[in-house]
Amino acid sequence: VDYPFKIHLRGIIDLLSHHLYSGPQVFLRELLQNGVDAIRARQQLEPGHAGEIAVEVIEPRGRGRPALAFVDDGIGLTDEEIHRFLSTIGESSKRGDGAGAGAAWERPVDFLGQFGIGLLSCFIVCDEIVVLTRSARRPEAPTIEWRGRPDGTYSVKTLDQSIAPGTQVYLTCKTGHEEFFTPEHVRESAARYGGLLPCPVRVAAGGDTRTVNEEGAPWRRRFESERERTEGLLEYGRNLFGIDFFDAVPLRSESCRLDGVAFVLPFAPSPAARQSHRVYLKDMLVSENAEGLLPDWAFFVRCVVNTEALRPTASRDAFVDDEALGDAREALGEQLRAYLLGLSSGDPRRLRRLIALHSLTIKALALHDDEFYRLFVDWLDFETSHGTMTLGEYRRRNDVVRFVPDLDRFRQIARVALAQGVCVINAAYTYDAELLARLPSVIEGARIELVEPSVLAQGFEDPTLDERDEAFELVRLADEVLAPYQCAVELKKFFPEGLPALYSTDPDAGLYRSLDEAKEVSNPLWSSVLEHLAGPSAGPHARLFLNYLNPMIRRMARVRDPALLRRTVEMLYIQSLLLGHQPLNTRELTLLNEGLIGLIEWGLAAQGGGHD
Ligand SMILES: Nc1ncnc2c1ncn2[C@@H]1O[C@H](COP(=O)(O)OP(=O)(O)OP(=O)(O)O)[C@@H](O)[C@H]1O
Ligand SMILES: [Mg+2]
């Protein structure tokens, strides 16, 4: 036998009213939303109808409780509609699914409501919802009073007196929720949720009536000039977020039906920090910290956006992550790009300041977008061996863009490069190496070169035949001493003179060095595997350039004591490894220790200290 599910009404109402929403304050938003929808529905029947919402805070007299009246001049409800929509949980007149709600409710795009549960949120703050309503459909429609209670019962009666067409909702505060019925709270809350609504929302409290949405959306206001508009928007941003923004960018996309403003942060936020954006749906606030609305690279802005096209979640404080959200994200990204591109032609100084503030974002964006890359790459700052400069400046002075993608290596090379008059870029910072590597594929005719010491060495001068003769013994011995370290020795003349030797590896040498290190710490089985990996030893994979312009090297060439020369070469080798920030392996560490001790002993002996 089939049975229908039974429903425990009180439990369902409790669940929907207390557990779906973020807090008690949302009841006001839900009432506003229903009022706006009702006005929009009435405008379907009477296109000229302006519509207005009036909220009245009824302060308690004597031992009475605070209460709230919420009045709209929307479409109102007929007797039949009261039973069908107002009193049926999960039923809504706003779905336009042909359920026969009537012509006024046919266009669901107009409405904010869709779930048929919003009104229940009032039960968080009161024990009874009283609704007086009169349908605007027929002049002779009666005024009907509806009372709903959280136990799932309701009563309906027709009243004799007649109210203006529309709906009035009365709530009496439940003990413990008085704070939501104070004039300040109601005013503040109505302004927060309804500040952009097109029909006036008036709040009356203590004899004082104020329209909370007089200003409307600031980005839709008319301004005398672009400049005034920017000033106006910046002031709005300052009031809203308490930040003096760098710039304000109006946003608008017809296809995604959204508009708003993006504020450029006046400081560089951490890339991991997500900016929270303020998002309105059909002019009502949905979220003050919406995520996923902007592309990841846009972490330098905070937005206020109104959209017509996104779908809210049931709690109506976030959006469903669907295709429409993806489209909106793309459209907003496009607008921000257009803004940055516009600056590059219209206000380059401002652009430079913005780039300085947000270089990481801009680099990330340029990596994925050729057009953007072309426009911005020359504005980006890079550290070079000759100081910091923009890539544009660098390219004006150099035909080839030379860069080192590693900080330690840059330090080693920069000294030599500077002395040689070669300008190299330190591309060790985030995105820099990838950006420069893309240069030739994006900018026609651009040339790049990954700088290694061996590349610089191509410009080193060869010694003369005589000099070669003088240093013959030194080079031969050094070659022999360093052979076990897979390092060959070459005599050259280069600047700076103060640098006695320069250690340089082949591109693959890094791999050999780390394989060597790995072999040291692994067991024999592993060692043979690693041996295999490294392949047959292809001879020396590193080079030590001895600088014959350096006085110490010249002196070494004259030393005839093989033991002393051996030690000196070893120490020179270790020193140039350290300068190149190469990690030392165990053998090299031992060499360093023995070498130091040896030199000390030799020095003492030379002083005539002798042995004990
Ligand atoms: N101020 C009002 N004027 C006219 N009809 C109203 C009003 N408030 C509520 N209703 C009717 O009661 C129904 C239920 O309202 P409720 O807020 O619970 O759901 P909803 O607005 O349809 O959807 P949601 O749960 O998304 O708010 C509405 O669909 C509408 O038909
Ligand atoms: Mg609703």
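Quick caveat: nothing in here was measured; it's all calculated off a predicted structure. (Residues numbered from 1 in each chain as written. Chains lettered and ligands numbered in written order. Predicted model: local features only at pLDDT ≥ 70, side-chain atom pairs only at ≥ 80, totals over all residues. Heavy atoms only, no water.)

**Here's the deal with the confidence of the model for the protein**
- Here the protein averages 89 in pLDDT, while 93% of its residues score no lower than 70.
- When the elements of the protein are averaged for pLDDT, helix 17 (residues 509–521) gives the smallest value, 55, and strand 2 (residues 67–72) the largest, 98. (pLDDT = per-residue confidence, 0-100. Helix = DSSP H or I, 4+ residues; strand = E, 2+ residues; numbered from the N terminus.)

**Some thoughts on the state of the cysteines**
- By the definition in use, this model includes zero disulfides.
- The closest cysteine sulfur to the non-disulfide-bonded Cys-199 is located on Cys-122, 18 Å from its own sulfur. (Disulfide = S-S within 2.5 Å.)

**Remarks on the nonpolar core**
- Counting residues in each nonpolar core, the largest one holds 119 residues, and the members touching the most others are Phe-27, Ile-53, Ile-129, Leu-171 and Val-301.
- Once residues lying within four places of it in the same chain are set aside, the contact partners of Ile-53 are Leu-32, Gly-35, Val-36, Ile-39, Phe-70, Val-71, Asp-72, Cys-199, Pro-200, Val-201 and Arg-202.
- Ranked by size, the runner-up nonpolar core spans 30 residues in total, among them Leu-474, Ala-501, Tyr-548 and Leu-584. (Core = buried A, V, L, I, M, F, W, Y, C linked by side-chain atoms within 4.5 Å. Buried < 20%, exposed > 50% of the residue type's maximum accessible area, 1.4 Å probe, protein only. Contact = heavy atoms within 4.5 Å.)

**Examining a nonpolar patch on the surface**
- On the surface, Ile-7, Leu-9 and Ile-89 cluster together to form a nonpolar patch covering roughly 250 Å² of accessible area.
- Here Ile-7 lies in the segment before helix 1 (9–19). (Patch = residues over 30% accessible without salt bridge, like charges linked within 9 Å, V, L, I, M, F, W, Y side chains within 5 Å. Areas by Shrake-Rupley, 256 points an atom, 1.4 Å probe, with all protein chains shown as cover. Salt bridge = Lys/Arg side-chain N within 4 Å of Asp/Glu carboxyl O.)

**Section: the coordination of the magnesium ion (ligand 2)**
- Looking at the metal site, the magnesium ion (ligand 2) is ligated by Gln-33 (OE1) and Asn-34 (OD1), spaced 2.1 to 2.5 Å from it.
- We classify Gln-33 as buried; its relative accessible area is 2%.
- Using a relative accessible area of 24% as the deciding quantity, one classes Asn-34 as partly exposed. (Donors = N, O, S within 2.8 Å, 3.2 Å for Na, K, Ca; no water.)

**Quick look at the environment of Pro-183**
- Structurally, the position occupied by Pro-183 is in helix 4 (residues 183–194).
- Put simply, Pro-183 and Asp-208 are 25 residues apart on the chain and 9.8 Å apart in space, counted from C-alpha to C-alpha.
- With residues up to four places along the chain from it excluded, the contact list for Pro-183 reads Val-57, Glu-59 and Ala-205.

**Quick look at unusual backbone geometry**
- Pro-496 follows Phe-495 through a cis peptide bond whose omega is 0 degrees.
- Secondary-structure assignment places Pro-496 in the loop between strand 19 (487–492) and strand 20 (501–505).
- Even without glycine at this site, Lys-282 takes up a positive phi of about 45 degrees.
- Although it is not a glycine, Arg-316 sits at a positive phi angle of roughly 55 degrees.
- You can see Arg-316 is positioned in the loop between strand 13 (301–307) and helix 6 (323–346).

**Here we look at the packing of helix 16 (residues 472–482) against helix 20 (residues 562–579)**
- At their nearest, the axes of helix 16 and helix 20 sit 10 Å apart, and the two run at 65 degrees to each other. The hand of the helix 16/helix 20 crossing is right-handed. Facing Leu-474, Leu-477, Ala-478, Glu-480, Val-481 and Leu-482 of helix 16, the residues of helix 20 in contact are Pro-562, Leu-565, Arg-566, Val-569, Glu-570 and Tyr-573.
- Looking at the contact of helix 16 with helix 20 residue by residue, the classes come out as nine nonpolar, no polar and three charged. (Axes fitted to C-alpha atoms, helices over the stretch in contact; angles between N-to-C directions. Left-handed = near helix turned anticlockwise from the far one by under 90°. Nonpolar A, V, L, I, M, F, W, Y, C, P; charged D, E, K, R; others polar.)

**A short note on the site of ligand 1**
- Every one of the 20 residues lining ligand 1 counts as a neighbour, but Ser-92, Ser-93, Lys-94, Ile-117 and Arg-316 are closest to it.
- Within the contact set of ligand 1, an oxygen atom lies 3.0 Å away from a side-chain nitrogen or oxygen of Gln-33.
- Between ligand 1 and the protein, one listed contact pairs an oxygen atom with a side-chain N or O atom of Ser-93 at 2.6 Å.
- Here ligand 1 loses 97% of its free accessible area of 590 Å² to cover by the protein chains.
- If you list the elements that add at least two residues to the shell around ligand 1, you get helix 2 (26–45) and helix 3 (79–86).
- Per element, the largest residue contribution to the shell around ligand 1 is four residues, and it comes from helix 2.
- Per-class residue counts for the shell around ligand 1 are seven nonpolar, nine polar and four charged. (Near = heavy atom within 4 Å. Polar contact = N/O pair within 3.5 Å; in protein donor to acceptor, adjacent residues only side chain to side chain.)

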